[in-house]
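# Understanding the architecture of this molecule
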Amino acid sequence: MAATLRIQSDWSRALSKDEGEAWLSCRSPGKPTLYGSVTRRGLGSDGVPDIAASEGFVVGEVTKKSILISCPHENVSTKFLAPYTSFCRIHQKSITCLDISSGGGLGVSTSTDGTMKIWQAANGEIRRLLEGHVYDVNCCRFFPSGLVVLSGGMDAQLKIWSAEDASCVVTFKGHKGGILDTAIVDRGRNVLSCSRDGTARLWDCGKSACLGVIADCASAINGIALGAADSSLNLGTPEKPPSEREVGTEGKILLLAREDKKLQGVGLQSRQPVFLFVGSDAFNCCTFLSSTYVLAGTQDGNIYQLDVRNTNSPIQVIHRSGAPVLSLLPYRDGFIASQGN
């Protein structure tokens, strides 16, 4: 596996000073980590920072928004990009979840400061404060329309909000523990949630009712992901005809990232298990790369790529560090992962 080159601080802020410094590390599997630093020594005549690296690292191209750094000893290089923009006044503490509307105009986020806010994606201007959950809000996401927000909290409640006037239009009750993740089925007539109580539930937004328990595990479900299944995959048959209130559940598979080290696939309409994969530690998150390939991240830093048609062994296991994998997002031909370090 290739070496990984990291900057261990907000380098764009550190190096925006006349004399700033940021820490570097280069890690190769099975080898000691190499440590160093980059330092800003001032500005060049063209307004571009003059950056120098400590022994073992080499600074390549430098612009006002990027730095190319290499580690010749490990034959690895990385271009570090500065944030396009930063919003520092939306929340006072750590951000736990965020989403951007389909049109890109609005953002919604939750924080350990106990707030959930809607803001302008262009400038960070706060538009709405969404108040109504008791205790922490764990997850939030926009409906495809971009006008409605779904949230789940430690109060075991799932709520739907108007992004236009901040009113809570629907509250779902039924979980016995904090809600940890959500998913929206197609355009949003049905939604899904998972909880510390070990269940994943399907809800009818129009009737404010639970349509059924999709899975009931002996362990907390930390994350879920919904995808269209490959036509060759057997999703099982429902024990009874689905409710007419279920919309868009046919042909869908629901991934469950479980605390008991298991990643499970369940037929959404059938409620039948499709596969069960045991990993190295608690699964925190999961996502679909395609109708056949999925990713799941664990507490001990592993990212598993699986083929849902045959989960006996993973296609690959990616391990960059031992820090928990907290979220995964498909991007172009690959994916983006966030970790606890």
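Refer to the structure printed above.
My aim in this report is to walk through the structure given alongside it, one point at a time. The structure displayed is predicted, hence computed values, not measured ones.

### Structural notes on the pairing of strand S11 (residues 126-129)
By the bridge criterion, three bridges tie strand S10 (residues 116-120) to S11 in an arrangement that is antiparallel. When the bridges of S11 are listed, Ile118 appears paired with Arg128. Counted along the chain from S10 to the antiparallel partner S11, the turn is five residues long, and its residue Gly124 has a positive phi close to 80°.

### Describing the sheet that holds strand S8 (residues 95-100)
Where strands meet in a sheet, backbone hydrogen bonds hold them as pairs that are either parallel or antiparallel. Spatially, the four strands line up as an open sheet ordered S8-S9-S10-S11, and their pairing is antiparallel. Edge positions in the sheet fall to S8 and S11, since each of these pairs with one other strand and no more. Here the average twist between neighbouring strands, direction ignored, is 20°. Pairing geometry for S8 and strand S9 (residues 106-111), over five bridges, is antiparallel. Residue pairing for S9: Ile100 is matched across the bridge by Gly107.

### Observations regarding the nonpolar core
Core analysis: the biggest nonpolar cluster contains 25 residues, and Val108, Leu130, Phe172 and Val191 have the highest contact counts within it. Put simply, the parts of the chain that give this core at least two residues each are S9, S10, strand S12 (137-142), strand S13 (148-153), strand S14 (157-162), strand S15 (168-173) and strand S16 (179-185). Counting residues per element, this core draws most heavily on S12, which supplies four residues. The residues touching Leu130, leaving out its near neighbours within four places in the chain, are Val108, Met116, Ile118, Val149, Trp161 and Ala166. Grouped together as the second largest cluster of nonpolar side chains are 20 residues, Ile7, Leu15, Phe80 and Ala82 included.

### Focus on the sheet that holds strand S4 (residues 49-53)
Overall, antiparallel pairing links the four strands, which are arranged S1-S2-S3-S4 in an open sheet. Looking at the sheet topology across the chains shown, the edges are occupied by strand S1 (4-7) and S4. With direction set aside, neighbouring strand axes in the sheet form an average angle of 25°. Across six bridges, strand S2 (residues 21-27) lies against strand S3 (residues 34-43) in antiparallel orientation.

About the thresholds
- Residues numbered from 1 in each chain as written.
- Predicted model: local features only at pLDDT ≥ 70, side-chain atom pairs only at ≥ 80, totals over all residues.
- Heavy atoms only, no water.
- Pairing = 2+ DSSP bridges.
- Helix = DSSP H or I, 4+ residues; strand = E, 2+ residues; numbered from the N terminus.
- Axes fitted to C-alpha atoms, helices over the stretch in contact; angles between N-to-C directions.
- Core = buried A, V, L, I, M, F, W, Y, C linked by side-chain atoms within 4.5 Å.
- Buried < 20%, exposed > 50% of the residue type's maximum accessible area, 1.4 Å probe, protein only.
- Contact = heavy atoms within 4.5 Å.

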